[in-house]
There are 2 protein chains.
Amino acid sequence: MTPSGTAPVAPAGNNRIAFWFDFASPYSYLAAMRIEQAASAAGLAVDWRPMLLGPVFKSMGVPPLPLFAIAQKGDYTWKDLARQAAKYGLAWTRPSQFPRNGILAERIIIGHPGAGWIGDFCREVFRRNWGLDQDIGDETIIAGALREVGVDPGPALARATDDAVKLALRQQTEQAIALGIFGAPSMVARGELFWGNDRLDDAIAHATGRDSA
Amino acid sequence: MTPSGTAPVAPAGNNRIAFWFDFASPYSYLAAMRIEQAASAAGLAVDWRPMLLGPVFKSMGVPPLPLFAIAQKGDYTWKDLARQAAKYGLAWTRPSQFPRNGILAERIIIGHPGAGWIGDFCREVFRRNWGLDQDIGDETIIAGALREVGVDPGPALARATDDAVKLALRQQTEQAIALGIFGAPSMVARGELFWGNDRLDDAIAHATGRDSA
């Protein structure tokens, strides 16, 4: 499939849930590690939708790191993340750099629409940033993540530099803004927006109609 | 008990959970209607701790209504509140005035430390604001709430005008800020802070030691 085949993103219909995320978002990590299993148990497929939170925040006039703009809330957020990761049994390290740049990993996803390894790759990149404190902005780390999920890094990394792929990621971010997305993670199920790791179960229930809404 | 007996607030110890709230806070409503039953089932007592969110936000340099400062997030928040209320089986009406002034109701709580009707009164005031769209800043509405929970409104309303009671509410708000509280609802259990209706279960688990933390 060519990079030019990446631009159209259908809204998640029945039996699908769209997962909008940025690798730099810590609550996206908590949801990303759990969504495929939870969705699969409910008979749903996941559409992985990377976006760039920077332009999303900028479009609303919000400072780049809203969770950490207030000292008290920032301190609390790091404690909350550690507690939530422990609750879910996920590896957790407060990264030595924050935020890290997920754009290369996001372009790789955009460059390979529908590839069977996308979910595994997303989890591997998230795990390296938030569980192993690795710099996911570094090409060698992303190459390692690709190898880990059985993908030859050379062609995948080359495709990420394609102008059509770069444009498609910008367009997908614009689509997020058009959908009313204001933070990450966000889930879209049957036309409804759900924001935050804390709404993962509600989003899945809505996607299946179990919430009778 | 005299109003001057209201100032000291012990940190919630074992078998207790402190619930910090403002009647103007919609997510406080969702938690307030559920906390006593959930806590009781876990063998815990609830300490109701009203505070004034205005001074809390001001102390951090945050605008008065952070949930609604961004249009996209504000629109989403109203939808989320309606969905969460439906999930919990709680009455919900988007109030025709927002935020409403909860200071009179908060002073009544401060003026009657340890009274057996405080939990019922809190739920009744929340229900009137968020379930019935009544103006809880109006003395006649609060008088109705007091009668509903079996309290003679005259003396209770009079006590709320006592300078010592007014001071004690300001002091309790200062204590919230000193505890690192930055929003509502907040729960304090065994010295740990938990923020938001979404953390009610975690706070109760921590209070009982069930999270083994």
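Residues numbered from 1 in each chain as written. Chains lettered and ligands numbered in written order. Predicted model: local features only at pLDDT ≥ 70, side-chain atom pairs only at ≥ 80, totals over all residues. Heavy atoms only, no water.

## Regarding the pairing of strand β4 (residues 192-195) of chain B
Here's step 1: Bridge count between strand β3 (residues 186-189) of chain B and β4(B): four bridges; the pairing is antiparallel. Looking at β4(B), one finds that Val188(B) is bridged to Leu193(B). (Pairing = 2+ DSSP bridges. Helix = DSSP H or I, 4+ residues; strand = E, 2+ residues; numbered from the N terminus.)

## Considering the relation of the copies chain A and chain B
Here's step 1: It takes a turn of 180° to lay chain A on chain B, together with a shift of 0.0 Å along the axis; the resulting RMSD is 0.0 Å. The two molecules are tied by a two-fold rotation axis, judged by turn and shift. Considering only C-alpha atoms, the part of chain A nearest the rotation axis is Asp198(A), at 3.4 Å. (Least-squares fit on C-alpha atoms with pLDDT ≥ 70 in both.)

## Let's talk about the interface of chain A and chain B
Here's step 1: The interface is formed by 21 residues belonging to chain A together with 21 residues belonging to chain B.
Here's step 2: Carbon and sulfur atoms supply 52% of the area buried between chain A and chain B, which totals about 2100 Å² over both sides.
Here's step 3: Considering only the surface of chain A that becomes buried against chain B, Gln72(A), Tyr76(A) and Arg199(A) emerge as the three largest contributors, covering 27% of it.
Here's step 4: A salt bridge links Arg199(A) to Asp198(B); the nearest nitrogen and oxygen atoms lie 2.9 Å apart.
Here's step 5: Here chain A is connected to chain B by 16 residue pairs in polar contact (both at pLDDT 80 or more). (Contact = heavy atoms within 4.5 Å. Buried area = accessible area lost by both parts, 1.4 Å probe. Salt bridge = Lys/Arg side-chain N within 4 Å of Asp/Glu carboxyl O. Polar contact = N/O pair within 3.5 Å; in protein donor to acceptor, adjacent residues only side chain to side chain.)

## Describing the environment of Val149(A)
Residues and elements named next belong to chain A.
Here's step 1: Inspection of the secondary structure puts Val 149 in the loop between α6 (139-148) and α7 (153-159).
Here's step 2: On a C-alpha basis, the gap between Val 149 and Pro 55 in space is 29 Å, while along the polypeptide they are 94 residues apart.
Here's step 3: Among residues more than four places away in sequence, those in contact with Val 149 are Trp 117, Asp 120, Phe 121 and Glu 124.

## Regarding the nonpolar core
Residue and element names in this part refer to chain B.
Here's step 1: With 65 residues, the main nonpolar core has Phe 121 and Ile 142 as its most contacted residues.
Here's step 2: For this core, the leading source of residues is helix α1 (residues 26-41), giving seven residues.
Here's step 3: Residues within four places of Phe 121 in sequence aside, it is in contact with Ala 105, Ile 108, Ile 109, Ile 142, Ala 145, Leu 146 and Val 149. (Core = buried A, V, L, I, M, F, W, Y, C linked by side-chain atoms within 4.5 Å. Buried < 20%, exposed > 50% of the residue type's maximum accessible area, 1.4 Å probe, protein only.)

## What to know about the sheet that holds strand β3 (residues 186-189) of chain A
Residues and elements named next belong to chain A.
Here's step 1: Taken in spatial order, the four strands of this open sheet run β2-β1-β3-β4, and their pairing is mixed. Two strands close off the open sheet at either side, each with one partner strand: β2 (45-50) and β4 (192-195). Going across the sheet, the axis of each strand differs from the next one's by a mean of 25°, ignoring polarity.
Here's step 2: The pairing of strand β1 (residues 16-21) with β2 spans six bridges and is classified as parallel. Considered in β2, the bridge of Ile 17 is made with Val 46.
Here's step 3: Packing of helix α9 (residues 200-208) onto the sheet brings it into contact with β1, β3 and β4, and relative to β3 it is tilted by some 10°. (Axes fitted to C-alpha atoms, helices over the stretch in contact; angles between N-to-C directions.)

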